[in-house]
Amino acid sequence: MDTNTFIKGLWKDNPVFVQVLGMCPTLAVTNSATNAMAMGLATAFVLIMSSTLVSLLRNFIPKQVRIATFILIIATFVTVAEYLIQAISIDIHKALGAFIALIVVNCVILGRAEAFASKNSVGKSILDAAGMGVGFTFALLCLGAVREILGSGTFFEYQVFGHGYEPWVLMILPGGGFFTLGAWLLLFNYMKERKAAKMQEISA
Amino acid sequence: MNQPELEQMTAAPNSWHMIRALAGIGLMCALLIVSTYELTFDIIKQNKAEVLERAIFKVLPGAESKAIFIVKDGQVEKLIGDGNGETRYYAGFDANDDLVGVALEAGGQGFQDVIHILLGFNPEKQIIIGMQVLESKETPGLGDKIEKDPAFQKNFEALDVALSDDGSSLKNEIVFKKNGTKSNPWELDGITGATISSKAIAAILQASASQNMPVLYKNREKFKQQ
């Protein structure tokens, strides 16, 4: 098994922190850890299913109509996901509300279909999609956790601070999303730079 | 890219392949969606019925059994069978078979989309005793506080919907107040950060109460027959 194909999505090519893709759901639904988790998993499901299908059909789809076909396939799986979520739990469906439909326009999914699945074997594409899906979920959780803890004083709806804690409401508002994303990007880039500097030191 | 190459790329011989790919995949996608819809239809229907059932007993605190009524030709009567989509009045009874209240669905435009709620009325005391959101697309974390916020839910312990003397309209309109400024029992205390959503709830309440309260009060004895 080609583990590198899977692992690169988690860290080295993380869709949110490194590729900075799919910003709309990243900023919009991460005001609580539960929402972030549900959105991440739903996106991962669509990502894996559509990558599989795109990879299976890659020799059947002419170049000129590939984007249209990819969108068609992605939109289908989003609709399927919406029905499945409703069947699993109406409460989760209620929490995600309007954002499920927005998975269609998440460019991580179209990006993987175009850049990877349409050029690689089915097995590799599934691995790549799973890695990206887990990486996306991880990134959303990073944001959701910070925003929920600071903005509501809870984590997965469990009280973290005592009742005297005055929630920092800004963090669950759109502005807080940008602040948190900025802080995480800063951290990731700082670590990357430090690693690069170390590598240079070793080679020098 | 020079002209001949470009022509080759967009040349006609490929069009059959394009049509084949688009139509074939379109058909496949349609089949996939339809089969998922068919497969999940019953489960979703059951889930929604469960949500409604749970909500009915939540908006009628103390209720242990329920009966469904409809209005037919201006008369309130018990619903037999499945009905044809008439407005349903869910009457709830406590352990002693006394009427706790009547629940009914209401809806109106929220911040993003239509909000569907369930309201519990006490026709005898002319108050609203419960409110649950059935379906909403309000902003997660802000607008959806209309469902969870305990301070907002306190509004529905005994919201005054008393009728005027002739019994045809509300004595006092249900009005929205900014958080913490509620001073009368018919006012709705809003949520900070969810002003539009809580205003929408006030509007839905006002519309539903002014329409249904006269019916409920006039027929309050009929709902008691279980």
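For the structure given in this document, a descriptive report is provided here. Numbers given for residues are sequential positions, taken from 1 along each chain in its written order. Chain letters start at A and ligand numbers start at 1, both assigned in the order the entries are written. With pLDDT at 70 or above as the cut-off, local features in this predicted model cover only qualifying residues; side-chain atom pairs require 80 or more to be listed or tallied, and sums for whole chains, interfaces and linings still use all residues. The basis for every side-chain value is the complete set of non-hydrogen atoms in the structure, without hydrogens or water.

## Quick notes on the overall build of chain A
Then, in step 1: On a plain count of helices and strands, chain A comes out with eight helices and two strands.
Then, in step 2: Along its sequence from the N terminus, chain A presents helices and strands in the succession α-α-α-α-α-α-α-β-β-α.
Then, in step 3: Between the two quantities, the radius of gyration covers C-alpha atoms and the globule rule is 2.2 Å times the number of residues to the power 0.38. Expected size for 204 residues packed as a compact globule is a radius of gyration near 17 Å; at 18 Å, chain A falls within 12% of this value.
Then, in step 4: Accessible area is worked out with a 1.4 Å probe on protein chains only. A residue is then buried under 20% of its type maximum, exposed over 50%, and partly exposed in between. Counting across all 204 residues of chain A, residues that qualify as buried make up 48%.
Then, in step 5: Of all intrachain contacts in chain A linking residues separated by at least 6 positions in sequence, the fraction that spans at least 24 positions is 74%.
Then, in step 6: Using the Shrake-Rupley algorithm and a 1.4 Å probe, accessible areas are obtained, with residue cover drawn only from the displayed protein chains. By element, 70% of the accessible surface of chain A is carried by carbon and sulfur atoms, the whole surface being about 9,800 Å².
Then, in step 7: Of the charged side chains in chain A, 14 are positive and 11 negative; the average position of the first set lies 11 Å away from that of the second. Secondary structure follows DSSP: runs of H or I at least 4 residues long count as helices, runs of E at least 2 residues long count as strands, and numbering of each begins at the N terminus. Working rule for contacts: check all heavy atoms of both residues, and any pair within 4.5 Å makes them a contact. Neither His nor the chain termini are counted; the positive set is Lys and Arg, and the negative set is Asp and Glu. Positions of charges follow a simple convention, taking NZ of Lys, CZ of Arg, CG of Asp or CD of Glu.

## Some points on the sheet that holds strand E6 (residues 127–135) of chain B
All names here are of chain B.
Then, in step 1: Note: two strands are recorded as paired if DSSP finds a minimum of 2 bridges between them. Spatially, seven strands are ordered E2-E1-E3-E4-E5-E6-E7 in an open sheet, and the strand pairing comes out antiparallel. Here the strands that pair on one side only, and so sit at the sheet edges, are strand E2 (75–78) and strand E7 (159–160).
Then, in step 2: The pairing of E6 with E7 spans two bridges and is classified as antiparallel. From the neighbouring strand, Ile 127 faces E7, where its bridge partner is Asp 160.
Then, in step 3: All axes are obtained by fitting lines to C-alpha atoms, using only the stretch in contact for helices, and the reported angles, taken between N-to-C directions, cover 0 to 180 degrees. The sheet contacts of helix H2 (residues 15–59) involve strand E1 (65–72), strand E3 (88–93), strand E4 (99–109), strand E5 (114–122) and E6, and relative to E6 the element is tilted by about 160°.
Then, in step 4: The strands touched by helix H5 (residues 195–218) within the sheet are E1, E3, E4, E5, E6 and E7, with E5 carrying the most contacts at an inclination of about 45°.

## A closer look at the pattern of salt bridges
Then, in step 1: In the sections that follow, a salt bridge refers to a side-chain nitrogen of Lys or Arg positioned within 4 Å of a carboxyl oxygen of Asp or Glu. This model, assessed by the stated rule, comprises six salt bridges over all chains.
Then, in step 2: Where A:Lys8 meets A:Asp128, a salt bridge forms, and the shortest distance between an N and an O atom there is 2.8 Å. Of this pair, A:Lys8 sits in helix H1 (residues 3–10) while A:Asp128 sits in helix H7 (residues 122–152), and the two are 120 residues apart along the sequence. Both residues of the pair, A:Lys8 and A:Asp128, count as buried.
Then, in step 3: Between B:Arg220 and B:Glu124 there is a salt bridge, with the nearest N and O atoms lying 3.6 Å from each other. Here B:Arg220, found in the segment after H5, pairs with B:Glu124, found in the loop between E5 and E6; they are 96 residues apart in sequence, far enough to count as distant.
Then, in step 4: B:Arg220 gets classed as partly exposed once you look at its relative accessible area, which sits at 21%.
Then, in step 5: Owing to a relative accessible area of 44%, B:Glu124 belongs among the partly exposed residues under this scheme.
Then, in step 6: Look at the salt bridges and you will find they share partners, linking A:Lys8, A:Arg112 and A:Asp128 into a network.

## Considering H7(A)
Residues spaced three or four apart along an α-helix point in a common direction, a consequence of the helix completing one turn every 3.6 residues.
Then, in step 1: To estimate how far a helix should reach, multiply one less than its number of residues by 1.5 Å. Taking 1.5 Å of rise per residue, 31 residues should cover 45 Å, and H7(A) covers 43 Å from first to last C-alpha, within 8% of that figure.
Then, in step 2: Two residues or fewer after H7(A) comes A:Gly153, characterised by a positive phi angle close to 75°.

## As for the packing of aromatic side chains
Then, in step 1: For Phe, Tyr and Trp, rings pair up if their centres lie within 6.5 Å, where Trp contributes its six-membered ring, and each pair is then called stacked (planes under 30 degrees apart), edge-to-face (over 60) or tilted (otherwise). As enumerated under the stated definition, the model contains 11 aromatic pairs over all chains in all.
Then, in step 2: Pairing B:Tyr89 with B:Phe223 gives two aromatic rings, centres 6.0 Å apart and planes at 50°, and the pair type is tilted. Of the two residues, B:Tyr89 is situated in strand E3 and B:Phe223 in the segment after H5; the sequence distance between them amounts to 134 residues.
Then, in step 3: Three or more aromatic residues link up through ring pairs in this structure, and these residues are A:Trp11, A:Phe17, A:Phe138, A:Trp184 and A:Phe188.
Then, in step 4: The ring of B:Tyr217 carries B:Arg220 above its face, with NZ or CZ at 4.0 Å from the centroid. Remark: a charge is flagged as sitting over a ring if the NZ atom of Lys or the CZ atom of Arg is within 6 Å of the ring centre and within 35 degrees of the ring normal.

## Overview of the packing of helix H3 (residues 33–56) of chain A against helix H6 (residues 107–117) of chain A
All names here are of chain A.
Then, in step 1: Where H3 meets H6, the closest approach of the two axes is 10 Å, and the angle between their N-to-C directions is 30°. As summarised for this structure, H3 and H6 are arranged roughly parallel, according to the angle between their axes. Classified by chirality, the crossing of H6 by H3 is right-handed. Taking contact as the criterion, the partners of Thr 43, Val 46, Leu 47, Ser 50, Ser 51, Val 54 and Ser 55 in H3 are, on H6, Val 108, Ile 109, Arg 112, Ala 113 and Ala 117.
Then, in step 2: Residue composition of the contact of H3 with H6, grouped by class: seven nonpolar, four polar and one charged. Every angle not falling under 35 degrees, over 145, or within 65 to 115 is termed oblique; those three ranges are roughly parallel, roughly antiparallel and roughly perpendicular. For any pair of crossing helices, the crossing counts as left-handed if the nearer helix is rotated counterclockwise from the farther one by less than a right angle, and right-handed if it is rotated clockwise. Under the grouping applied here, Gly and all other residues not named as nonpolar or charged are polar, the nonpolar ones being Ala, Val, Leu, Ile, Met, Phe, Trp, Tyr, Cys and Pro and the charged ones Asp, Glu, Lys and Arg.

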